[in-house]
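If you want the building blocks of each chain, they are given just below.
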Amino acid sequence: MIALSLITLSSCTNNEKPTETPANPFLSEYSTPFKAVPFDQIKTEHYMPAFEAGMKEQLEEIDAIVNNDETPTFQNTILPFDKSGETLNRVSNVFFNIIECNSSDELLELAEKVMPMLSVHSDAIAMNPKLFEKIDYVYQHRNEMGLDDQQIRVVEKYHEDFVRSGAALPADKQEELSKINEQLSTLSLQFGNNLLKENSGFKLVIDDAADLAGLPQTSIDAAAEQAKADGMEGKWVFTLSKPSLIPFLQYADNRDLRKKMYDAYYNRGDNNNEYDNKGLIKEMLKLRQQKAQLLGYDNYANYVLAVNMAHDAATVDQFLIDIFKPAQALAKRELTEMQAIANKEGAKFKLEGYDWWYYAEKLRKAKYDFDETQIKPYLTVENVRNGMFNAANKLYGVTFTQNNTIPVYYPGVETYEVKEANGDFLGILYMDYFPRASKSGGAWCTSFREAGHDINGNKVYPLVSLVMNFTPATDTVPALLTWDETETMWHEFGHSLHAFFSDGLYSRTCGNVPHDFVEMPSQIMENWVAEPEVIRTYAKHYATGEVMPDSLIQKIENSALFNQGFMTTELLAASILDMKYHELTDVENLDVDAFEKKEMDAIKLMPEILPRYRSTNFAHIFNGGYCAGYYAYTWAEVLDKDAFNYFKSSGNLFNPELAAAFRKHCLQDGGNDEGMVQYRKFRGQDPEKEPYLRARGLE
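Definitions and cut-offs
- Residues numbered from 1 in each chain as written.
- Predicted model: local features only at pLDDT ≥ 70, side-chain atom pairs only at ≥ 80, totals over all residues.
- Heavy atoms only, no water.
- Helix = DSSP H or I, 4+ residues; strand = E, 2+ residues; numbered from the N terminus.
- Rg over C-alpha atoms; globule rule 2.2 N^0.38 Å.
- Buried < 20%, exposed > 50% of the residue type's maximum accessible area, 1.4 Å probe, protein only.
- Contact = heavy atoms within 4.5 Å.
- Lys, Arg positive; Asp, Glu negative; His and termini not counted.
- Charge placed at Lys NZ, Arg CZ, Asp CG, Glu CD.
- Arc of directions from axis to C-beta.
- Disulfide = S-S within 2.5 Å.
- Pairing = 2+ DSSP bridges.
- Axes fitted to C-alpha atoms, helices over the stretch in contact; angles between N-to-C directions.
- Polar contact = N/O pair within 3.5 Å; in protein donor to acceptor, adjacent residues only side chain to side chain.
- Phe/Tyr/Trp six-rings, centres within 6.5 Å; stacked < 30°, edge-to-face > 60°.
- Lys NZ or Arg CZ within 6 Å of the ring centre and 35° of its normal.
- Salt bridge = Lys/Arg side-chain N within 4 Å of Asp/Glu carboxyl O.
- Parallel < 35°, antiparallel > 145°, perpendicular 65-115°, else oblique.
- Nonpolar A, V, L, I, M, F, W, Y, C, P; charged D, E, K, R; others polar.
- Patch = residues over 30% accessible without salt bridge, like charges linked within 9 Å, V, L, I, M, F, W, Y side chains within 5 Å.
- Areas by Shrake-Rupley, 256 points an atom, 1.4 Å probe, with all protein chains shown as cover.
- Core = buried A, V, L, I, M, F, W, Y, C linked by side-chain atoms within 4.5 Å.

Draft legend 1. Focus on the overall build of the protein chain. From N to C terminus, the protein chain includes 28 helices and eleven strands. A compact globule built from 699 residues would reach a C-alpha radius of gyration of about 27 Å, and the protein chain, at 26 Å, matches this within 12%. By principal-axis analysis of the C-alpha atoms, the protein chain measures approximately 85 × 70 × 55 Å. The burial tally for the protein chain puts 57% of its 699 residues in the buried class. Restricting to contacts in the protein chain with at least 6 residues of sequence separation, those with at least 24 account for 73%. In the protein chain, the 68 positive side-chain charges and the 104 negative ones have mean positions that sit 4 Å from each other.

Printed below as a string of structure tokens:
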């Protein structure tokens, strides 16, 4: 570890003392309570020196492994490699999370410099021939070294990582691969930056109150607050953040304005302006295909999937199309019902994509007497949060205690101490609820530090963050959630439980599960949120404290299959589009918009539905870790629905034996073996597809 103490001397009189520059907080272990990130001490100028020091430190650690003359073993090769890069991990975990949730032009410019540096650094390690020679030696002799099962798995996974990173390639091919990786890191960052600019650059400004017709008062008030913040008091401003966008599409009577919002959202990155992403997509796909071929794969999808539960593109393609067909059939029935409502109201038009949310809301009210504005007063951020904390306590015994003394990166972020039932410390949870211009859209769970053990076997406690974009409170009404937002909070919370419970001596396997397994721990929590006995524990009216009446709970239950055809179809269409992009072997003449249309036409996607993300704003696959992996949400949902059905069939939603088994095999020890092996340890059998089909209304 490198510790730097910087002293600055200034011109001074004899009575003046030298001015001490605060030490870079990244360059030593945090001295804060719980070793939490000292956000109050971190400045932008700390990042680059910390990145440079961290990379230098890790290369020195690698040199120590390589220059060790002893016969390679787990203890002198694999273990020190597994624990290398502590400083680099410390600064990276903070920096890359902050540029997503509290960015600035200065940080984005810094990221453009840092990303290629990190790519070169990573490749310098992954393609170090002497390091790979030592790792390969341990791999070849792993069954003769007296290693336990977990040590053998760590050796095997690292060997696989190195081969997949080009360690076995000749030097000229390694150089080519390194250049590809460097370019991809820069292009991916640029894609995300463009999308951030497109998100924040659009505002629908309304100055005529008549154009607000149909909108709930909470949306109107939020738009007035946004206008005030933008210096347009007396007007209403709607943005592309989901809390602003979705209610507008659901309730606004003005069809032309709905179309304007809809088009702005789906055309992000496709406006032929300085933030257009089509060229970036083409270049990224070209580089990914080159990378796949260098590493011996016919396409990038098969390269990615080789280490996932699905194993290959053909399996995923068949899985997706088998569900897509009944999903779209259901969506077409939904459309027919909505068109009937529109016709009855005197509409002289055929419904378009920008009409779907609006008439779906009318259909929900007609079929189920369900109006979402009826339930929102019971779903304050605090109520929903407390409900999920209570559910986790019933399942696993864990507790969450707010601690306002822990430094945060933005005002209003909440922090909680997480403990076992016996009081043992588990980690810190950060919760960041509301949108801002410096935050990316959507919701996610991430970590400022991951769980595990250090090289001496001491426990390392995670710092886990949930980031959302919910409608904030107004002067008269607290922050109220839609049902979708309620499920979103519980979904991300499921990821956090996975992060807190992950345990293991080795970084390579602690919490490290296949990509198509990782959404299962999050999605399973969405099942508890809608159970009547659970709803009664948290859904309480913000003004009266009254528990949500059974009549409303019954409406939620009755409408569980509402709009499932649409939601499943748009999700699967995006998953199929992702796969088709990464199955390409020639992108030289790729026209992004034309390709998207061709592939959606090939599956006969109905024109009233677009993929959940169009190509130019598909951040999951061009700015995230989901390339050839967006199918994972559906794959994991088969697992989570089967798992929850196991709980429900036991007669106890909080069955302690099943909760303990799920925690151990799927959360704590998830990286100890292949994903399906770990799932079978919990379930006793392979997952059944019927609970998923039933939950989606696709039986």
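Draft legend 2. Expanded view of helix α27 (residues 675-683). The complete set of buried residues in α27 reads G675, Q678, Y679, F682 and R683. In a view along the axis of α27, the buried residues occupy a sector of 125 degrees, so they form one face of it. Residues of α27 that are buried in the fold lie against α18 (520-523), α25 (632-649) and α26 (656-668). Among the residues trailing α27, G684 stands out with phi positive, at a value near 80 degrees.

Draft legend 3. Molecular detail of the state of the cysteines. In this structure the tally under the stated criterion is zero disulfides. Looking at the unpaired C101, the closest cysteine sulfur is the one in C445, lying at 12 Å. Take C510: it sits in no disulfide, and the sulfur closest to it among the cysteines is that of C445, at 14 Å.

Draft legend 4. Representation of the sheet that holds strand β7 (residues 425-432). The strand order across the open sheet formed by five strands is β5-β6-β7-β11-β8, and the pairing between neighbours is mixed. Each edge of the open sheet carries a strand with a single partner, namely β5 (399-402) and β8 (444-449). Adjacent strand axes in the sheet meet at a mean angle of 30 degrees when their direction is disregarded. Pairing between β5 and strand β6 (residues 414-419): four bridges, direction antiparallel. Bridge pairing in β6 places Q402 opposite Y416. The strands that helix α16 (residues 381-396) touches are β5, β6, β7 and β11 (463-467); relative to β7, the one it contacts most, it runs at about 160 degrees.

Draft legend 5. Representation of the pairing of β8 in the model. Summarising burial for β8: five of the six residues are buried, a large majority. Looking at chain direction, β8 and β11 are connected through five bridges and run antiparallel. When the bridges of β11 are listed, C445 appears paired with L466.

Draft legend 6. Representation of helix α23 (residues 592-602). Buried within α23 are the following residues: V592, F595, E596, E599 and M600. In an axial view of α23, the angular spread of the buried residues amounts to 125 degrees, which keeps them on one side of the axis. Summarising the geometry of α23, the exposed residues directed more than 90 degrees from the buried face are K597 and A602. Contacts made by the buried residues of α23 are with α11 (278-294) and α22 (564-582). Measuring from the backbone nitrogen of D593 back to the side-chain oxygen at the start of α23 gives 3.3 Å, which picks out D591 as the cap.

Draft legend 7. Seen up close, the packing of aromatic side chains. What the rule picks out here adds up to 49 aromatic pairs. Their ring planes at 70 degrees and their centres at 5.5 Å tell us that Y297 and Y303 sit as a pair that is edge-to-face. By relative accessible area, Y297 is classed as partly exposed at 26%. With relative accessibility at 8%, the residue Y303 sits in the buried group. Over the ring of Y303 we find R164, and its NZ or CZ is 4.1 Å from the ring centre. Between the NZ or CZ atom of R258 and the centre of the ring of Y358, over which it lies, the distance is 4.0 Å.

Draft legend 8. Local environment of the pattern of salt bridges. Under the definition given, this model contains 45 salt bridges. Residues K367 and E337 are paired through a salt bridge, measuring 3.4 Å at the closest nitrogen-oxygen approach. On the criterion of sequence distance, the pair formed by K367 in helix α14 (residues 356-368) and E337 in helix α13 (residues 313-344) is long-range, its members being 30 residues apart. In this structure K367 comes out as partly exposed when scored by relative accessible area, which is 43%. Here E337 falls in the partly exposed class, since its relative accessible area comes to 32%.

Draft legend 9. Inspection of the environment of I609 at higher detail. Here I609 shows up in the loop between α23 and α24 (619-622). Placed 285 residues apart in sequence, I609 and F324 show a C-alpha to C-alpha distance of 13 Å. With sequence-adjacent residues up to four places away left out, I609 is seen in contact with A331, W356, F566, T569 and E570.

Draft legend 10. Structural view of the side chain of K83. Following the sequence through the fold, K83 ends up in the loop between α2 (74-82) and α3 (86-101). Not counting residues up to four positions away in its chain, the partners in contact with K83 are H453, D454, I455, L505, Y506 and S507.

Draft legend 11. Representation of the packing of α13 against α14 in the model. Where α13 contacts α14, the axes come no closer than 9 Å and their chain directions differ by 85 degrees. In terms of orientation, α13 lies roughly perpendicular with respect to α14. The residues of α14 that touch α13, namely those facing A331, E334, L335, E337, M338, I341 and A342, are W356, Y359, A360, K362, L363, A366 and K367. Across the contact of α13 with α14, the residue classes tally to ten nonpolar, no polar and four charged.

Draft legend 12. Seen up close, a negative patch on the surface. A grouping of E45, E106, E109 and E112 is seen on the molecular surface, where their side chains present a negatively charged patch. Per-element tally for the negative patch: the top contributor is helix α4 (residues 105-126), with three residues.

Draft legend 13. A look at the nonpolar core. Residues L429, M489, W490 and W528 are the most contacted members of the largest nonpolar core, which totals 164 residues. Not counting chain neighbours up to four residues away, the residues in contact with W490 comprise V384, G387, M388, A391, S522, M525, W528, V529, V534 and Y538. Among the nonpolar cores identified, the runner-up in size contains 37 residues, and L88, I98, V114 and I428 belong to it.

Draft legend 14. Quick peek at the packing of α13 against α25. Where α13 meets α25, the axes come as close as 10 Å, and the angle between the chain directions of the two elements is 70 degrees. If you check the angle between α13 and α25, you find them roughly perpendicular. Across from T315, F319 and I323 in α13, the residues of α25 making contact are T634, W635 and V638. In terms of residue class, the contact of α13 with α25 is made up of four nonpolar, two polar and no charged.

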